[in-house]
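# Inside the fold
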Amino acid sequence: MKRYVGLVVAALVAWSGGVYAQTVNDSASAKPRTVLTIWGVSVGPDDKGLDDVVREFERRNPDIKVRMAKMGAGEMNPQKLMTAIVGNVAPDIVRQDRFTLSDWASRNAFVDLNPFIARDRDTDPLTPTPEQYYDSVWQEASFAGGLYGIPIAADNRVLYWNHVLFERKANELRAAGLDPTRPPRTWSETLAYSKVLTELRPDGSLKRAGFIPNWGNSWLYLYSFQNNGRFMTPDRRTCVMTEKENEEALQFMVDGYKILGGMENAEKFQAGFRGGENHPFANGQVAMVITGDWEIASFARYSPNARFKTAPAPVPDDRFFKRGRFANEKDTFITWAGGFAFSIPRGARHKEEAWRFIKWISSKESRLLQASSQAKLDRSRGRRFIPRVDAHIATNEAYLELYAKGASQYEEALRTHIGMMPFAQVRPQTFAAQVLWDEHVRAIEQASRGKATPADALKEAQTRVQNVLNQELEKEKYPVVDLRGPVAVAVGATLLGLIGWVAWMLKNGTGRVNSSETRAGYLFISPWIIGFTVFTLGPMVASVLFAFMQYDVLNEARYVGLRNFQDIFQKDGQILLKAFWNVAYLATLGIPLGLVTGLAIALLLNTNVKGIAFYRTAFYLPSITPAVATVFLWMWILNPDPVRGLFNSVWAVTLSQWFAINPPGWFTVEAWSKPTLIFMGLWGAGGGMILWLAGLKGISSTLYEAASIDGASPVKQFFGITLPQLSPLIFFNVVMGCIGVLQTFDSVYIMTGGNNRGPNDSLAMPVTHLFDNGFRYFRMGYASAFAWVIFAIILIITFIQFKVAPRWVHYEVDKK
Amino acid sequence: MDASVLFLIGTLALWVGGYQVLRGSFLALRAFLIEPDFARQAVLNKSALAAGSGAGLMLLSLIIPKDLGRKVEATQWIPLVWIYTPIAGWMILISAFMVVAKLIQWRTALTPSEATEKLKQIGVWAVIGFLGFVWLQHMKWEIQILRGALPFNPTGLIAFVALALATVWLMVMADRFVRSRGAATKLATHAVLLVGCFIFGVPFAWMLSTSFKEERDIANADGLVWVPKVQFTHPFDDPERPYVEAIYDGRPVRALVDSDLGDGRLLLDIERPFALRGRRFEAREQDTKKLLRDQFVWETELNGKPVVAFTVRDQEDGSRLLRVLNEVPLTGAVQAEAGQEFTRKPEEVEPHRRTGLRWENYTDAMEWMPLEANYGLRYLQNTLTLVIMSVIGTVISCALVAYGFSRLRFPGRNQLFSVMLATMMLPGAVTMLPSFLIFRQLGWIDTLLPLWVPAFFAGAFNVFLLRQFFSTIPMELEEAARIDGCSYWRTFWQVMLPQVKPALAAISIWTFMGAWNNFMGPLIYISSPENMPLAYALQLFSGDRGGDAQLMMAFATMTVMPVVLLFFFAQRYFIEGVQLSGLGGR
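Residues numbered from 1 in each chain as written. Chains lettered and ligands numbered in written order. Predicted model: local features only at pLDDT ≥ 70, side-chain atom pairs only at ≥ 80, totals over all residues. Heavy atoms only, no water.

### Notes on the nonpolar core
Core analysis: the biggest nonpolar cluster contains 342 residues, and Phe 405 and Phe 436 of chain B have the highest contact counts within it. Ignoring anything within four residues of it in the chain, the contact list for Phe 436 of chain B reads Thr 83, Val 86, Gly 87, Phe 775, Phe 778 and Met 780 of chain A together with Ile 445, Ile 524 and Tyr 525 of chain B. (Core = buried A, V, L, I, M, F, W, Y, C linked by side-chain atoms within 4.5 Å. Buried < 20%, exposed > 50% of the residue type's maximum accessible area, 1.4 Å probe, protein only. Contact = heavy atoms within 4.5 Å.)

### A word on the environment of Ala 587 of chain A
All names here are of chain A. Examined against the element boundaries, Ala 587 turns out to sit in helix 24 (residues 573-605). Residue Ala 587 is classed as buried on the basis of its relative accessible area, which comes to 16%. Those residues in contact with Ala 587 that sit more than four places away from it in its chain are Pro 592 and Val 741. (Helix = DSSP H or I, 4+ residues; strand = E, 2+ residues; numbered from the N terminus.)

### Section: the interface of chain A and chain B
Taken together, the contact between chain A and chain B spans 138 residues of the former and 133 residues of the latter. Regarding the contact of chain A and chain B, the summed buried area is about 11700 Å², with carbon and sulfur atoms giving 72% of it. Per-residue buried area on chain A facing chain B is highest for Phe 524, Trp 528 and Phe 535 of chain A; these three make up 7% of the total on that side. Note that Glu 530 of chain B is salt-bridged to Arg 67 of chain A, the shortest N-O span being 3.3 Å. Put simply, chain A and chain B have 17 residue pairs in polar contact (both at pLDDT 80 or more) between them. The greatest single-element share of the side of chain A that touches chain B, amounting to 22 residues, is contributed by helix 22 (residues 515-546) of chain A. Partitioned by chemical class, the residues of the side of chain A that touches chain B number 86 nonpolar, 31 polar and 21 charged. (Buried area = accessible area lost by both parts, 1.4 Å probe. Salt bridge = Lys/Arg side-chain N within 4 Å of Asp/Glu carboxyl O. Polar contact = N/O pair within 3.5 Å; in protein donor to acceptor, adjacent residues only side chain to side chain. Nonpolar A, V, L, I, M, F, W, Y, C, P; charged D, E, K, R; others polar.)

### Observations concerning the sheet that holds strand 16 (residues 549-550) of chain A
Through backbone hydrogen bonds, the strands of a sheet pair up, either in parallel or in antiparallel fashion. All names here are of chain A. Spatial ordering of the open sheet is given by 15-17-16, a layout of three strands whose pairing is antiparallel. Two strands lie at the open edges of the sheet, namely strand 15 (480-481) and strand 16, each paired on one side alone. Relative to strand 17 (residues 557-559), strand 15 runs antiparallel, the two sharing two bridges. Within strand 17, the residue paired with Val 481 across the bridge is Ala 557. (Pairing = 2+ DSSP bridges.)

### Quick notes on the environment of Ser 448 of chain A
Residues and elements named next belong to chain A. With respect to the helices, strands and loops of the structure, Ser 448 is situated in helix 19 (residues 433-448). Distance in space between the C-alpha atoms of Ser 448 and Met 253 is 7.1 Å, their sequence separation being 195 residues. The contact partners of Ser 448, leaving out residues within four places of it in the chain, are Val 254, Tyr 257 and Met 263.

### A few points about unusual backbone geometry
Residue Pro 273 of chain B is bonded to the preceding Arg 272 of chain B through a cis peptide linkage, with omega at 0°. Its place among the elements puts Pro 273 of chain B in the loop between strand 7 (265-272) and strand 8 (280-284). Of note, Asn 228 of chain A is a non-glycine position whose phi angle comes to about 60°, a positive value. Among the secondary structure elements, Asn 228 of chain A is positioned in the loop between helix 10 (219-226) and helix 11 (244-259). Among the residues examined, Asn 228 of chain A registers a relative accessible area of 31% and is labelled partly exposed. Unusually for a residue other than glycine, Arg 236 of chain A sits at a positive phi of about 65°. With respect to the helices and strands, Arg 236 of chain A occurs in the loop between helix 10 and helix 11. The class for Arg 236 of chain A is partly exposed, based on a relative accessible area of 27%.

### Section: the pairing of strand 13 (residues 340-343) of chain A
Residue and element names in this part refer to chain A. With burial as the criterion, each face of strand 13 is covered, one bearing Phe 340 and Phe 342 and the other bearing Ala 341 and Ser 343. Of the pairings in the sheet, the one linking strand 3 (residues 93-97) to strand 13 comprises four bridges and is antiparallel in character. Bridging from a neighbouring strand, Gln 96 pairs with Ala 341 of strand 13. The pairing of strand 6 (residues 150-151) with strand 13 spans two bridges and is antiparallel. Each bridged residue has a counterpart across the sheet, and for Pro 151 the counterpart in strand 13 is Ala 341.

### Here we look at the confidence of the model for chain A
Across chain A, the average pLDDT comes to 85, with 93% of residues at or above 70. Within the model, the stretch residues 18-30 of chain A combines pLDDT values under 50 with five contacts to residues more than four positions away or in other chains. (pLDDT = per-residue confidence, 0-100.)

### Looking at helix 15 (residues 488-496) of chain B
Looking at helix 15 of chain B, one finds that the buried residues are Tyr 488, Thr 491, Phe 492, Val 495 and Met 496 of chain B. One face of helix 15 of chain B carries all of its buried residues, which in axial projection span an arc of 115°. Among the structural elements, helix 22 of chain A together with helix 9 (377-407), helix 13 (460-471) and helix 14 (475-483) of chain B are those in contact with the buried residues of helix 15 of chain B. (Arc of directions from axis to C-beta.)

### Side note on the confidence of the model for chain B
Residue and element names in this part refer to chain B. When pLDDT is averaged along chain B, the result is 81, and 85% of the positions lie at 70 or above. For chain B, per-element mean pLDDT is lowest for helix 3 (residues 68-71), which scores 44, and highest for helix 12 (residues 449-452), which scores 94. Contacts of residues 66-77 to residues separated by more than four positions or lying in other chains number 24 contacts, the stretch itself having pLDDT below 50. As scored by the predictor, the complex reaches a pTM of 0.77 and an ipTM of 0.82.

### A closer look at helix 34 (residues 766-776) of chain A
When you tally the buried positions in helix 34 of chain A, you get 11 out of 11 residues, the bulk of the element. Among the residues trailing helix 34 of chain A, Phe 778 of chain A stands out with phi positive, at a value near 50°.

### Regarding the sheet that holds strand 1 (residues 34-39) of chain A
All names here are of chain A. A sheet is described by the order of its strands in space; here five strands give the open sequence 2-1-3-13-6, paired in mixed fashion. Edge positions in the open sheet fall to strand 2 (64-69) and strand 6, since each of these has one partner strand only. Across two bridges, the pairing between strand 1 and strand 3 is parallel. Paired with Ile 38 across the strands is Ile 93, a residue of strand 3. The strands touched by helix 15 (residues 351-361) within the sheet are strand 1, strand 2, strand 3, strand 6 and strand 13, with strand 1 carrying the most contacts at an inclination of about 55°. (Axes fitted to C-alpha atoms, helices over the stretch in contact; angles between N-to-C directions.)

Printed below as a string of structure tokens:
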């Protein structure tokens with residue numbers, strides 16, 4: 001056996017070495033080309049266009065080889081990019097959601113592209129210049145005089161309405177004084193149409209929704225922009241979400257939800273939405289939706305049965321009729337645009353090459369090449385090709401000419417979208433863009449669920465955004481700290497302390513100090529001493545220092561006193577309460593359930609049944625399954641869609657039919673996300689079983705014999721003997737379990753796809769909060785302070801547990 | 001009588017009767033297997049009583065109108081489930097059971113006469129069973145699981161509760177009547193354990209099943225698919241679109257010839273590996289090698305007759321050009337229309353499939369991985385590097401430190417040891433950020449170093465465990481070695497270390513698991529595909545191909561398998577490891 005292990009290890013090492021050697025050879029034989037790393041894009045089997053554009057670039061620039069990586073689920077994962085930039089291993093180009101650019105720019109994380117443009121605009125016709133782009137889109141990529149990305153696409157929102165449904169409901173619509181041949185143009189019309197088109201079942205659940213205010217892609221931004229609302233003052237120093245324009249817009253959304261029986265009712269309805277042919281808009285479950293141009297191609301490909309017309313999204317009544325404060329308004333209809341940009345991160349190793357690539361990929365020539373080669377592929381697969389709206393004006397004009405001349409509903413939709421581009425507004429450029437977005441989403445949820453009035457919800461959001469703004473704006477107030485000083489002092493002090501302590505020990509130690517043994521002893525424990533100093537003590541000291549600073553690694557540190565702690569307890573109190581509540585939920589339900597499951601299995605196995613080895617293996621295997629694989633496996637089993645998820649498919653043919661209870665949405669809904677985690681944990685409860693089994697075997701059988709002679713029933717024996725005897729083990733498990741739950745991270749990160757919060761913050765955990773602040777925003781100071789808070793809580797909980805323990809934990813005193 | 005009353009009585013009778021028959025059977029088994037001769041008759045009597053009354057009750061259940069359960073219509077119902085089968089079904093069940101029981105008795109008979117007696121009885125029961133079989137055959141196997149229901153209103157609720165209570169009460173009464181001692185408990189234990197194993201095993205089974213399925217079976221509205229099926233393929237060379245093997249950027253690829261550029265140059269359109277799919281490049285014709293392409297086989301109809309045909313090529317308008325196969329795969333049936341070509345839209349054809357495993361999901365998943373990952377081998381290699389280095393580091397450093405703390409006396413030992421114990425309380429969160437900055441200063445970001453180097457500096461928990469172990473070794477052993485002139489190092493290496501091997505094995509295993517599963521570390525430190533270990537790569541893979549459950553599950557299986565294999569080979573150490581670490585805190 002031993003020999004085999006050795007052989008296997010040797011073979012593995014040899015193989016590892018072999019692969020290394022091979023890689024080295026590969027790179028040695030290749031031509032010396034600059035490798036340009038691009039993050040945030042990848043080529044799938046359906047994207048021919050992008051690939052052809054990249055190949056064309058490589059053909060024109062034979063010295064460059066492009067390497068693309070998606071890095072992270074969905075869009076560019078901010079944590080990964082930030083860590084790479086801070087860690088000096090940044091990619092050369094990133095494709096970044098445009099509205100976050102100002103955030104990155106304010107941290108000094110991206111390179112200003114204006115100098116490149118100024119240098120090349122007269123010599124290179126491919127150079128992007130402001131005149132070629134829609135003004136608002138260009139503005140979105142700018143921050144404080146710099147340009148931090150070249151816009152690549154622009155999605156905007158228009159109203160899709162199901163005209164067939166309108167016709168079918170013509171009588172009812174006419175009865176309500178509405179014209180069934182045209183879509184609503186104003187907010188009050190929208191509500192009126194929605195009221196007629198919405199159908200409720202007798203039990204109050206939705207059968208059809210006329211219009212769901214925040215389904216599709218409108219958010220509060222669209223309605224606010226339509227109402228001439230703004231989120232920030234022009235000087236970007238103040239968040240003004242509470243202005244009445246925004247409040248009215250939010251009120252409109254709330255009213256829209258009221259027609260549907262409240263947001264909860266709408267969400268229940270939305271939970272049953274499917275994709276493809278059964279797309280809720282395509283099959284008439286929703287009559288009107290405001291969404292972006294990406295839906296055109298999706299409808300054409302997956303929901304060919306969808307019948308729709310498009311129109312600009314309805315606007316406030318006053319705006320439409322040019323009354324009141326809109327009396328002098330020029331534009332009737334308004335939309336908002338988002339999209340992406342290509343940027344160069346600070347620390348990119350090949351900035352010139354990156355700029356060459358950006359110039360090429362944003363040019364009209366490359367856009368049209370991409371479209372034509374994508375169109376060719378799509379058509380060969382029997383699909384309709386619809387280009388995505390671009391940020392480049394001339395490109396859009398060419399698209400209209402080439403791809404949107406026909407009369408089909410898809411082409412008409414593209415025309416509507418492109419036609420609205422000049423009237424598109426963008427989200428405000430602020431370094432708090434991400435927070436602003438997150439908080440505005442939270443405000444929508446709070447108000448639409450009726451948990452707060454629109455005014456209060458906006459006020460709360462505004463406060464939090466303003467906090468972040470202030471933090472940055474007030475930065476100047478705090479003194480810059482040169483970190484080298486404290487670090488030198490800390491290291492020096494630690495070393496001096498150690499030396500002094502050793503000296504003192506040698507001098508005043510016990511009388512019989514054997515010097516050779518002492519030397520050997522220190523040598524033996526030296527790995528720990530070094531490790532302790534470098535990886536524990538040093539970081540601890542640093543962490544204490546950081547807790548009083550504002551430091552994001554890229555910029556200088558500033559001393560802020562106790563402000564980090566104030567932020568934790570005062571400003572983020574709500575989120576923290578939620579996070580610790582989540583932990584408490586998991587602990588109070590998950591730990592006992594896990595204990596009971598493990599113990600139950602162990603009790604069954606302890607009855608001398610045959611085949612214990614088999615059972616033990618079967619119950620134990622799940623607990624050694626790698627956590628990442630476990631989470632993905634369970635996410636697949638608990639997939640909410642009953643035609644995919646194993647669990648819900650069984651549920652749909654049993655519980656649904658018998659009791660008419662719909663299968664839950666598991667990790668996708670607030671109420672079930674934590675139970676999902678507990679469920680996953682229970683699957684691994686077999687790990688504890690081994691421990692219980694050992695504990696049970698350790699209980700002396702004389703105790704049971706004595707008890708049976710006294711006539712104690714098995715139940716009495718269990719509570720009178722087994723449990724007290726196991727109590728030290730239970731105690732150990734509870735303590736370790738609590739510490740473990742407080743540090744939950746991997747499963748939440750994976751389950752939420754890296755957003756770390758879960759539906760309505762239901763999966764927010766202390767460590768995920770810390771991770772986000774530490775590695776996503778690099779608020780080193782705040783995160784360090786927060787780490788100490790977690791530590792303190794662990795200490796307090798453990799202390800309480802040890803205090804309470806003597807009341808229920810039974811130790812065999814004479815045993816030890 | 002009212003149908004619902006009949007329904008209630010019938011359900012009750014079936015439940016209790018079924019229970020009694022089962023109990024009677026257990027009793028009979030027990031009487032023959034366990035009870036001594038003198039007690040056998042009494043138990044047998046009880047058994048007969050239980051089984052007889054049970055069978056009678058079950059017969060009573062036949063009064064239930066057969067399809068009542070499916071006719072009821074209302075919104076809310078309390079479900080009641082029972083099995084409906086004519087007497088023939090019960091005849092087969094009971095006789096089968098009796099045959100087995102008699103067989104056992106026959107084998108364990110004490111006297112030859114008893115044995116012949118039993119053989120006769122087996123014959124009788126077999127005949128009864130056969131008759132039941134014929135009868136059931138005649139009735140076309142009319143066994144049904146019927147779903148009945150009670151209306152969900154106060155009356156219905158009360159009826160249901162009464163029914164449940166009555167059942168429990170009757171069962172308890174019956175239990176008192178015929179009390180069993182050991183066998184039933186054991187059987188029940190096994191039953192519960194098996195159900196538990198099933199529940200714990202289903203996720204694995206589902207993972208494996210999914211990883212072998214075709215994409216079209218991933219979602220199914222008519223109930224999920226457990227048994228994977230694969231579509232037949234037919235190797236074919238389309239002269240209009242030749243399929244070739246070529247070298248692209250130093251890698252072998254398979255590609256379709258897009259067009260002939262003249263002077264022996266071809267424009268190739270890469271098909272596989274998937275990571276390169278869609279890329280086009282020029283190659284000289286002499287550098288390419290022609291291949292047959294595995295084309296899918298479909299069922300469709302031609303001139304009103306069903307035929308089996310394979311794809312010749314996908315056409316520009318989205319339709320498929322098909323050609324009828326000479327023979328139907330597997331059955332070998334010759335087709336009259338062989339060789340005919342015709343066009344069908346994708347929705348007009350059905351895949352021709354057989355039950356089987358789609359192993360290609362595994363290779364597909366590997367092909368989808370980024371090129372830098374070298375079909376995922378690079379991930380495996382990184383994980384192995386991580387695991388091997390961590391285990392080596394942990395074992396060496398912890399053993400050294402634990403030995404130092406447990407067996408050597410030096411000033412400050414106890415204080416240092418308490419400091420070490422105190423660090424066990426410190427959550428990783430506190431040191432996470434500064435550690436990142438330290439590794440950044442060292443230039444170790446995006447390398448594996450930050451993930452395994454700390455292992456060489458002795459973790460507190462492992463040291464603590466090992467120290468407990470060292471402490472149990474008698475001092476005499478060490479002193480003897482010392483007297484023989486061993487240095488501290490040699491005493492440690494040759495005398496003490498072999499004594500703690502089990503603990504070292506346990507620690508190695510935990511370190512192995514920890515390193516294999518490490519997710520947060522790579523998440524923070526690694527950003528290039530060529531440096532990623534498996535666990536993190538799986539998470540990133542889900543971003544790219546998360547929608548393809550079969551690929552996800554194939555990748556997950558590949559991540560899980562090595563650990564499971566290790567567990568099977570080193571199960572003992574795993575279990576000892578748990579006990580050590582858990583009981584160590586005692």
